[in-house]
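# Residue-level structure breakdown
Here is what each chain is made of, one letter per residue.
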Amino acid sequence: MYWKRALLMAALCATLAPALRADAPKTETGKPDLKSAGPLAFGARGILFIGDPKGAAIFAVDTKDTAAEHKASINVENIKQTIASLLGTGADQIRIQDVAVNPTSGKVYLSVSRGRGPDAQPVILRVDSAGKVSEFSLDNVTYSKAVLPNPPKDQESGSGRRRQNGRDFAITDLAYVDGTVIVAGLSNEEFSSNLRSIPYPFNEVNNGASIEIFHGNHGRLETRSPVRTFVPVTMGGNPQIIAAYTCTPLVRIPLADLRAGSKVRGTTVAELGNRNQPLDIIAYHKDGKDFLLLANAVRGVMKISTDGLMNREGITKPVHGATAGQPFETVKDWKGVTQLDQLDDANAIVLIEEKGQSNLRTLPLP
């Protein structure tokens, strides 16, 4: 995977060079004013990026977690109950938002909401190679902050089960790629689906690119549905974003197109089934081939080969209720997976909902 990262870094440097500034980034020591803890991603040397949808900001926190541990199999049964006991509350008051592996140390980090509704408190937890769960304190850390300039309003709209707060979708996923934080979510602009590249260290944040896709199961172009989860990959030397949307188009978007203020139409390379929510996605290499692993709310975990993905013709016609495009297989043994990340070259760490409880497990990559 290292050769892919090198190619991706070179391409990103060329694409994003005009956005970089020479002045030193502002860092602080203290407690970040986190209003929520959502998507997580790791950078180099133990830097943890925390997406704060409620606050419409990205925090870069120096965990100082740089000592490599033996990457053993990490398994924690009923982890919500363990977290609840640690935080002095009930398991029904714990919501695990994301799971990320620190590639430097091998420890697993979780973003958690303690409580429900607008008063929920953000918490970051850490699991070591022995399976010990502890709170990662944010009381006195070195950090920097990038504020999104154009988030959705923090107010509810709609009615019934469609009632929602647009601010909850300001940040739906993020990833770090060789000096750049890629952020997906919604903006307050007319074409509200948004992807932005933020150079790190943080100096400035632009309005990002507006994303348009053809949604085969809906039979129309869409500009207001957010990317739910994505993964950066390099195919044929070309850095790409592979993004999954609700109900479930899989879309390829060139990273080089994510220029501030641009309107980008992604290529819908697959329709993976309607009435479904994509939850998390990773890319990995096995037996000389590259694959995507996509966890879904209804349709299980899908293994998708990237062979031919770069040149696949986009879906531009309705495919109501059907699947189409890039083929996939369902990993039948992986049931109830809600979050996943790559632990090492051969294994993934997964959060599984089964028999009324949440379990953190290490599974071999399929």
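Calculation rules
- Residues numbered from 1 in each chain as written.
- Predicted model: local features only at pLDDT ≥ 70, side-chain atom pairs only at ≥ 80, totals over all residues.
- Heavy atoms only, no water.
- Helix = DSSP H or I, 4+ residues; strand = E, 2+ residues; numbered from the N terminus.
- Rg over C-alpha atoms; globule rule 2.2 N^0.38 Å.
- Buried < 20%, exposed > 50% of the residue type's maximum accessible area, 1.4 Å probe, protein only.
- Contact = heavy atoms within 4.5 Å.
- Areas by Shrake-Rupley, 256 points an atom, 1.4 Å probe, with all protein chains shown as cover.
- Lys, Arg positive; Asp, Glu negative; His and termini not counted.
- Charge placed at Lys NZ, Arg CZ, Asp CG, Glu CD.
- Pairing = 2+ DSSP bridges.
- Axes fitted to C-alpha atoms, helices over the stretch in contact; angles between N-to-C directions.
- Polar contact = N/O pair within 3.5 Å; in protein donor to acceptor, adjacent residues only side chain to side chain.
- Core = buried A, V, L, I, M, F, W, Y, C linked by side-chain atoms within 4.5 Å.

Now for the overall build of the protein chain. Scanning the protein chain from terminus to terminus reveals two helices and 29 strands. Taking 366 residues into account, the globule formula puts the C-alpha radius of gyration at 21 Å, and the protein chain, at 19 Å, falls close to it. Over its C-alpha atoms, taken along the principal directions, the protein chain stretches across nearly 50 × 50 × 50 Å. The 366 residues of the protein chain split such that 52% are buried. Taking contacts inside the protein chain between residues at least 6 apart in sequence as the whole, the part at least 24 apart equals 55%. If you sum the accessible surface of the protein chain, you get close to 16300 Å²; carbon and sulfur atoms cover 47% of it. Put simply, the protein chain has 42 plus and 38 minus side-chain charges, and the middle of one group is 4 Å from the middle of the other.

Another point: the pairing of strand β29 (residues 357–364). Judged from the eight bridges that link them, strand β28 (residues 347–354) and β29 form a sheet pairing that is antiparallel. Bridge pairing links leucine 351 to leucine 360 in β29. Two successive antiparallel strands, β28 and β29, enclose a turn made up of two residues, where lysine 355 displays a positive phi of approximately 50°.

Time to look at the pairing of strand β23 (residues 289–296). The buried count for β23 comes to seven of eight residues, which makes it a mostly enclosed element. Bridge count for strand β22 (residues 278–286) against β23 is eight bridges, and the pairing is antiparallel. For histidine 285, the partnering residue across the bridge sits in β23 and is aspartate 290. Adjacent in sequence and paired antiparallel, β22 and β23 are bridged by two residues, among which aspartate 287 carries a positive phi angle near 55°. Alignment of β23 against strand β24 (residues 301–305), held across five bridges, turns out to be antiparallel. Note on β24: the bridge partner recorded for phenylalanine 291 is serine 305.

Right, let's get into the sheet that holds β29. Spatial strand order, β27-β28-β29: three strands in an open sheet with antiparallel pairing. The strands lining the two open edges of the sheet, one partner per strand, are β27 (337–342) and β29. Each strand axis lies, on average, 20° off the axis of its neighbour in the sheet, ignoring direction. By the bridge criterion, five bridges tie β27 to β28 in an arrangement that is antiparallel. Across the sheet, residue glutamine 342 finds its bridge partner in β28, namely alanine 348.

Bringing the sheet that holds β23 into the picture now. Strand order across the open sheet formed by four strands is β22-β23-β24-β26, with antiparallel pairing between neighbours. Pairing within the sheet leaves two strands with one partner each, and these edge strands are β22 and β26 (329–330).

Within the element layout of this structure, histidine 215 appears in strand β15 (residues 209–215). Only 3.3 Å separates the side chain of histidine 215 from the side chain of glutamate 222, close enough to count as a polar contact. With near-sequence residues (within four places) excluded, histidine 215 lies in contact with Arg220, Glu222, Thr246, Cys247, Thr248, Pro249 and Glu271.

Let us now look at the environment of aspartate 257. With respect to the helices and strands, aspartate 257 occurs in the loop between β19 (249–254) and β20 (263–265). Judged by relative accessible area, which is 26%, aspartate 257 ranks as partly exposed. Separated by 48 residues in the primary sequence, aspartate 257 and alanine 209 have C-alpha atoms spaced 8.0 Å apart.

Let us look at the nonpolar core. Within soluble globular proteins, side chains that are nonpolar tend to cluster in buried spots. Judged by nonpolar contacts, the single largest core of 21 residues is most densely connected at Ile79, Ile83, Ile96, Val108, Leu110, Val127 and Leu360. For this core, the secondary structure elements donating two or more residues are α2 (79–87), β5 (94–101), β6 (108–114), β7 (121–127) and β28. Each residue touching leucine 360, except ones within four places of it in the same chain, is listed here: Ile74, Asn75, Val76, Ile79, Val99, Val108, Val127, Ile349, Val350 and Leu351. One finds Ala184, Val227, Ile253 and Val264 within the second-largest nonpolar core, a separate group that totals 17 residues.

Scope: geometric values only; no functional claims are made or implied.
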